[in-house]
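# Geometric and topological summary
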Amino acid sequence: MIVTEAIARARWSPEYQAIRDHYADRVARVSGVPLMQQVEEGLIVGADRELTHL
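Heads up: these notes are all about the structure in this document. Predicted, not measured: the structure shown is a model, and the values here were computed from it.

This next bit is on the overall build of the protein chain. A count of helices and strands for the protein chain gives 3 helices and 0 strands. Starting at the N terminus and walking to the C terminus, you meet the elements of the protein chain as α-α-α. Taken across its 54 residues, the protein chain has 17% of its residues classed as buried. By sequence separation, contacts in the protein chain at least 24 residues apart represent 42% of the contacts at least 6 residues apart. Surface summary for the protein chain: the accessible area is close to 4300 Å², and the carbon and sulfur share equals 59%.

Written out as C-alpha cells, the structure is:
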C-alpha cells in the first residue's frame, strides 16, 4: 500500500468527514496553520508508521 492510498481511503471515512465538518476553516491560534492541514499531516505520519511496521 502506498501512503497516498491510505490517505485517500481515510478521507472517505465517516470519522474524517466528521473531523472536517467540525474544524472546517478553523486555524491554530499560535501558528495560524489550518487545523485540517495538521490533520492531513497526521494522516501522513500515521500511514508512514503503518508501512514501517509491516
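Now that the structure has been shown, the text picks up again.
With that settled, the discussion passes to the environment of Val33. Positionally, Val33 belongs in the loop between helix H2 (14-23) and helix H3 (35-52). Apart from the residues lying within four places of it in its own chain, the contact partners of Val33 are Val27, Ala28 and Gln38.

Right, let's talk about the pattern of salt bridges for a bit. According to the stated counting rule, one finds 2 salt bridges in the structure shown. The shortest N-O distance in the salt bridge between Arg11 and Glu40 comes to 2.5 Å. Separated by 29 residues along the polypeptide, Arg11 in helix H1 (residues 3-11) and Glu40 in helix H3 bring together distant segments of the chain. Among the residues examined, Glu40 registers a relative accessible area of 17% and is labelled buried.

Criteria and cut-off values
Along each chain, residues carry numbers from 1 onward, in the same order as the chain's sequence is written. It should be noted that, the model being predicted, local features are given only for residues of pLDDT at least 70 and side-chain atom pairs only at 80 or more, the latter also being counted only at that level, while totals for whole chains, interfaces and linings use all residues. Side-chain metrics rest on all non-hydrogen atoms present in the structure, leaving aside hydrogens and water. Runs of H or I in DSSP of at least four residues are treated as helices and runs of E of at least two as strands, each being numbered from the N terminus. With a 1.4 Å probe rolled over the protein chains alone, any residue whose accessible area is under 20% of its type maximum counts as buried; one over 50% counts as exposed, and the rest are partly exposed. A contact between two residues is defined here by any heavy atoms of the two lying within 4.5 Å. Shrake-Rupley sampling with a 1.4 Å probe provides the accessible areas, and residues are treated as covered by the protein chains on show and by no other component. One side-chain nitrogen of Lys or Arg within 4 Å of one carboxyl oxygen of Asp or Glu is enough to make a salt bridge.

Functional significance is not addressed by these values, which are geometric in nature.
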